[in-house]
Amino acid sequence: MSAMNIQTTIKKGNQIPEQMIRFAKEVFCTPATTTNETGISIYISQYLESKNISYEVDISGNILITKGESENYPCFVSHLDTVHDYSNGFNIVLTRDRNNLIAYDNDGKRVGSGGDDRNGIFVCLYLLSVVNNIKVVIFSREETGGIGSGEIDLSFFNDCSFIASIDRWGNSDFISDYSGNKTCSDDFLEASKGIFSRYGYKQASGYFTDAFNLMNRKVGITCMNLSCGYYQHHSDGEYTCLSELWICCLLSAELCKIANTIYTHTPTKPKCYVDSDTGYAWLNSYSSVEEDDLTDKEYMILLLEEFGLYTSDPTGTLTSLEEDSRDWILREFEMDRGYEYIDG
């Protein structure tokens, strides 16, 4: 998840129980970095085994979890990695008001807490403890271009009612619009509107996350992203507001109650605006220019910008990316345009 944010208000009401505060500290105490997800993967596996919940780890490192037997399942997703490196240690701290988690390195310097997306993992594990029939995926390498969600076998979602990413900052966003595309079906919006209203969530537009990567891969069902109480992510000041994290848990549990049908949805083909002077392009559902009208260079700019990777020119950006991210972007380009992109 990309982009910056600050907390302006604290959503109050449902205070997080003390046992959940202890559990949150436990989940956060195992760090993950951009390149090392091993520790948190082991922690999650051991947690699931202790609860006798079946799971599998696919070839991409995604953790796929199915609990119970049902015709349709709600599906919630989060991701293992963070953007941090924690080269000088990681120590999670609960603030004096017992409502925020912050982190320091071994020299007492603030570092990011890993709320993006340790918050999502916490919500997913909570749901597994209270919902009888549910599917969960905790994806690998979201922060480097959605590698895990780009490689998962989509048949896992064939019996899912909807897919909800728990990977959004703040306390009130129900992301139902991605790059100018509506991501939820009308029947889901109707069935869920009372739940979102009760918890103070409103529809909003948002950025890349694993659920929308699955949407782009034509998974064919309603996808969304939900605020879960982290702030200042992708920075050393990142922290988690526990009361808001808890509200996301309660909201998500209620959404499971409407998973009695599959909310099929295929987004319309996005349109985009292209600045003829700069070549800068972005998606816009009200534009008159179709993607098919773009040159290859313009489309590559669009693709890089969509995932927060564009700097000054597409070739320069591509060569500066890590190999996994570069390969993933090129695969997306080839799939979307129907042929292999040749650098230069």
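Please refer to the structure placed before this passage.
The rules we used
- Residues numbered from 1 in each chain as written.
- Predicted model: local features only at pLDDT ≥ 70, side-chain atom pairs only at ≥ 80, totals over all residues.
- Heavy atoms only, no water.
- Phe/Tyr/Trp six-rings, centres within 6.5 Å; stacked < 30°, edge-to-face > 60°.
- Lys NZ or Arg CZ within 6 Å of the ring centre and 35° of its normal.
- Salt bridge = Lys/Arg side-chain N within 4 Å of Asp/Glu carboxyl O.
- Buried < 20%, exposed > 50% of the residue type's maximum accessible area, 1.4 Å probe, protein only.
- Helix = DSSP H or I, 4+ residues; strand = E, 2+ residues; numbered from the N terminus.
- Contact = heavy atoms within 4.5 Å.
- Disulfide = S-S within 2.5 Å.
- Polar contact = N/O pair within 3.5 Å; in protein donor to acceptor, adjacent residues only side chain to side chain.

A closer look at the packing of aromatic side chains
Aromatic rings in a pair are described by how distant their centres are and how their planes are angled relative to each other. Here the structure, examined in full by the defined rule, presents 14 aromatic pairs. Members of the aromatic cluster, connected to one another through ring pairs, are Phe76, Phe162, Phe174, Phe188, Phe196, Tyr201 and Tyr263. Of note, Arg168 hangs over the ring of Trp169, and the distance from its end group to the ring centre comes to 3.8 Å.

Re the pattern of salt bridges
This structure, assessed with the given rule, holds seven salt bridges. For Arg168, the salt bridge identified is with Asp173, shortest N-O distance 2.9 Å. Overall, the relative accessible area of 17% leaves Asp173 in the buried class. We note a salt bridge from Glu190 to Lys193, for which the minimum N-O separation is 3.3 Å.

Thoughts on the environment of Phe76
For Phe76, the location among the structural elements is in strand β3 (residues 73-79). When the C-alpha atoms of Phe76 and Cys256 are compared, they prove to be 9.5 Å apart, with 180 residues separating the residues in sequence. Ignoring sequence-local partners within four residues, the contact set of Phe76 consists of Cys124, Leu127, Ile134, Lys135, Val136, Val137, Phe162, Ala164, Ile166, Ser252, Leu255 and Cys256.

Describing the state of the cysteines
Such a bond, covalent and formed between the sulfur atoms of two cysteines, is termed a disulfide. Summed over the entire model, instances satisfying the criterion amount to zero disulfides. Left without a disulfide partner, Cys223 is nearest to the cysteine sulfur of Cys184, which lies 7.7 Å away.

Quick notes on the side chain of Ser140
Note that Ser140 resides in the loop between β7 (134-139) and α4 (147-151). Within polar-contact distance, the side chain of Ser140 engages the side chain of Glu37 at 2.8 Å. Every residue in contact with Ser140, bar those within four places of it in the chain, is listed here: Glu37, Ser60, Gly61, Asn62, Leu80, Ile147 and Gly148.

Honestly, it's all geometry; don't read function into it.
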